[in-house]
Amino acid sequence: MSMKADLLNPELGYYDEGLNLTNLKTYSEIVKDFGQAEKLSSIAYRSRVFMELENEKIWTRGWIPIGLSQQILNNSDLLPFTLGFHGVHAQRTYDKSIDVRLNFHQHGGCRFVPEQCRTGAQTKCSIHSCNYTRDSDVIFGENGDNSDLMYKFVGINPQKLRPVNYDFLSSIILVNLDPSYQDFKHCFDDDIIDNFKQIKGYHSIYKHEWIDCDANWKIFFNEFIQYFNDFSSKTEFKYFDEKTSFEPYIRKKIDISHDFKNNGKNADIFWLLPNLVVLKTTDFCFVIIVQATAMNKNLQRCFFLKDKSMDKSDSDKIFDDFVDLIKKINTKSKTHHQNKLRIDNPLDLNDYEKSEEMYYFNKHIVDKVLKEHTYYRNAPIMDAGFQGLKRM
């Protein structure tokens, strides 16, 4: 369990390898104009302090997707998700609405969910032995009630748990752990809302799969977006601008009909930063929610939703091909990550960013880690009903 001062007291700053990771000077070469800007330096992929900074500035300070409402259709169905270092769950209630709460056990006596549990490593816990492994898939209710497996999430009285702000983008469940969060309706533009309506129209998930990747989550996106560049006819970069409150996203018009049974001539990829990708055609869509589980690991939750008129054999082939594609991208991501760590110079001087998509993504990461926030006292992790006290 980390006891770093920067994690316990984030207002004291984040320092590693002689650098102040919340100082603009550290990123001065990254935020230059495209063509002159350098890549995000290797410290962003190897530093535990930077990973803690992402927890504080990214995963707990914005609207982050955790799953689809189609995953929890019946009373008491429960969807767990570890958001950065913090465990939350969404549960279907008796009136068919959804409650999202902090887990009853964040992780036994620990202040946050440790890496061994986020990644599923079966290391014996010497602190509390609470048997908290990495997130399970959906836990279904038993006759419309909570099951024994849900105890570590909901406890005996779920109503006493700390509620989490949430909303829906179509049927995608997004949560925000920031007590001073920005209103959801001011965060997403009409284009995203209109284009994502199709997801809600699918009443069930045809297939889904969790895919592990041995690379930093940022590197996966690099390899994913580069793969589809060969199929692109048009790319839009929306709201990478401090003047707007909308969440930024990248939209790519692509033709993937050769790979996906002639069903992808007029396809779109939406990359809603930081960790949501939707690949959408007229007949089906893939939703990918990427979960950062460690510095060198991420988990991709992939969902396949399709029109009922699509042939089953064609649908199965499309899904299998997509999963194979993601695994190939993950293999390249692993190699990319290993090469990153071989670089001796932590600032990667003269390593210019040639991808416009990654240029905007890198700037977004920098904007996030430099943004100042109100800090709140850390709750005793066993007390999920804690409401938070503003630091003076």
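What counts, and at which threshold
- Residues numbered from 1 in each chain as written.
- Predicted model: local features only at pLDDT ≥ 70, side-chain atom pairs only at ≥ 80, totals over all residues.
- Heavy atoms only, no water.
- Helix = DSSP H or I, 4+ residues; strand = E, 2+ residues; numbered from the N terminus.
- Buried < 20%, exposed > 50% of the residue type's maximum accessible area, 1.4 Å probe, protein only.
- Contact = heavy atoms within 4.5 Å.
- Areas by Shrake-Rupley, 256 points an atom, 1.4 Å probe, with all protein chains shown as cover.
- Salt bridge = Lys/Arg side-chain N within 4 Å of Asp/Glu carboxyl O.
- Pairing = 2+ DSSP bridges.
- Axes fitted to C-alpha atoms, helices over the stretch in contact; angles between N-to-C directions.
- Core = buried A, V, L, I, M, F, W, Y, C linked by side-chain atoms within 4.5 Å.
- Polar contact = N/O pair within 3.5 Å; in protein donor to acceptor, adjacent residues only side chain to side chain.
- Parallel < 35°, antiparallel > 145°, perpendicular 65-115°, else oblique.
- Left-handed = near helix turned anticlockwise from the far one by under 90°.
- Nonpolar A, V, L, I, M, F, W, Y, C, P; charged D, E, K, R; others polar.

Another point: the overall build of the chain. When helices and strands are counted, the chain shows nine helices and 15 strands. Of all 392 residues assigned to the chain, the portion counted as buried reaches 53%. Contacts in the chain between residues at least 24 apart in sequence constitute 67% of all its contacts with a sequence separation of at least 6. Taken as a whole, the chain presents about 17800 Å² of accessible surface, with 48% of it coming from carbon and sulfur.

When the charged atoms of two side chains with opposite charge come close together, those side chains can pair. The tally for this structure, following the rule as stated, stands at 20 salt bridges. The closest approach of N and O atoms between lysine 317 and aspartate 321, which form a salt bridge, is 2.7 Å. With a gap of four residues between them, lysine 317 and aspartate 321 both fall in helix H8 (residues 312-342), about one helical turn apart. A residue is classified by how much of its surface remains accessible, and aspartate 321, at 22% relative accessible area, is partly exposed. Several salt bridges share partner residues, and in doing so they unite Asp191, Arg251, Lys253 and Asp268 into one network.

Before going further, it helps to spend a moment on the sheet that holds strand S6 (residues 98-102). One open sheet accounts for three strands, arranged S4-S5-S6; its pairing is antiparallel. Among the strands making up the open sheet, the edge pair consists of strand S4 (78-83) and S6. The sheet shows a mean angle of 20° between the axes of neighbouring strands, direction not considered. Bridge count for strand S5 (residues 86-92) against S6 is five bridges, and the pairing is antiparallel. Bridge pairing links valine 88 to leucine 102 in S6.

This part covers the pairing of S5. When you tally the buried positions in S5, you get seven out of seven residues, the bulk of the element. By the alternation rule, side chains of S5 split into His86, Val88, Ala90 and Arg92 and Gly87, His89 and Gln91, which are all buried. Bridging between S4 and S5 involves six bridges; their strand directions are antiparallel. Bridge assignment links leucine 83 to a residue of S5, and that residue is histidine 86. The turn linking S4 back onto S5 is made up of two residues, and glycine 84 within it adopts a positive phi angle of 65°.

Turning next to the sheet that holds strand S12 (residues 267-272). A sheet is described by the order of its strands in space; here seven strands give the open sequence S9-S15-S14-S13-S12-S11-S10, paired in antiparallel fashion. On the outer flanks of this sheet lie strand S9 (207-213) and strand S10 (232-238), each paired with one strand and no other. In this sheet, adjacent strand axes meet at a mean angle of 15° when their direction is disregarded. Where S9 and strand S15 (residues 297-306) come together, seven bridges link them in antiparallel fashion. What sits directly across from tryptophan 210, in S15, is arginine 301. Lying on the sheet, helix H6 (residues 190-201) is in contact with S10, strand S11 (249-254), S12, strand S13 (276-280), strand S14 (284-294) and S15; it crosses S13 at an angle near 65°. With respect to the sheet, H8 is in contact with S9, S13, S14 and S15, its orientation differing from that of S9 by roughly 10°.

Moving on, we come to the nonpolar core. In this structure, Leu21, Phe196, Trp217, Phe224, Trp271 and Val287 are the most contacted members of the largest nonpolar core, which totals 90 residues. Ranked by residue count, the leading element in this core is S14, at eight residues. Not counting residues within four places of it along the chain, the set of residues in contact with phenylalanine 196 comprises Leu169, Ser170, Ile172, Phe270, Leu276 and Val278. Counting residues in each nonpolar core, the second largest holds five residues, with Ile139, Met150, Phe153 and Val154 among its members.

Once that is clear, we can look at the side chain of aspartate 268. Mapped onto the elements, aspartate 268 comes out in strand S12. Looking at aspartate 268, its side chain comes within polar contact range of the side chain of lysine 253, at 3.4 Å. Among all residues touching aspartate 268, those that are not within four sequence positions of it are Arg251, Lys252, Lys253, Ile254, Val278, Leu279 and Lys280.

Moving on, we get to the packing of helix H7 (residues 217-227) against H8. Where H7 meets H8, the closest approach of the two axes is 8 Å, and the angle between their N-to-C directions is 125°. It follows from the interaxial angle that H7 and H8 lie oblique. Relative to H8, H7 is oriented so that their crossing is right-handed. Residues Ile219, Phe220, Asn222, Glu223, Phe224 and Tyr227 of H7 pack against Leu325, Ile326, Ile329, Asn330, Lys332, Ser333, His336, His337 and Lys340 of H8. Per-class residue counts for the contact of H7 with H8 are seven nonpolar, five polar and three charged.

Honestly, it's all geometry; don't read function into it.
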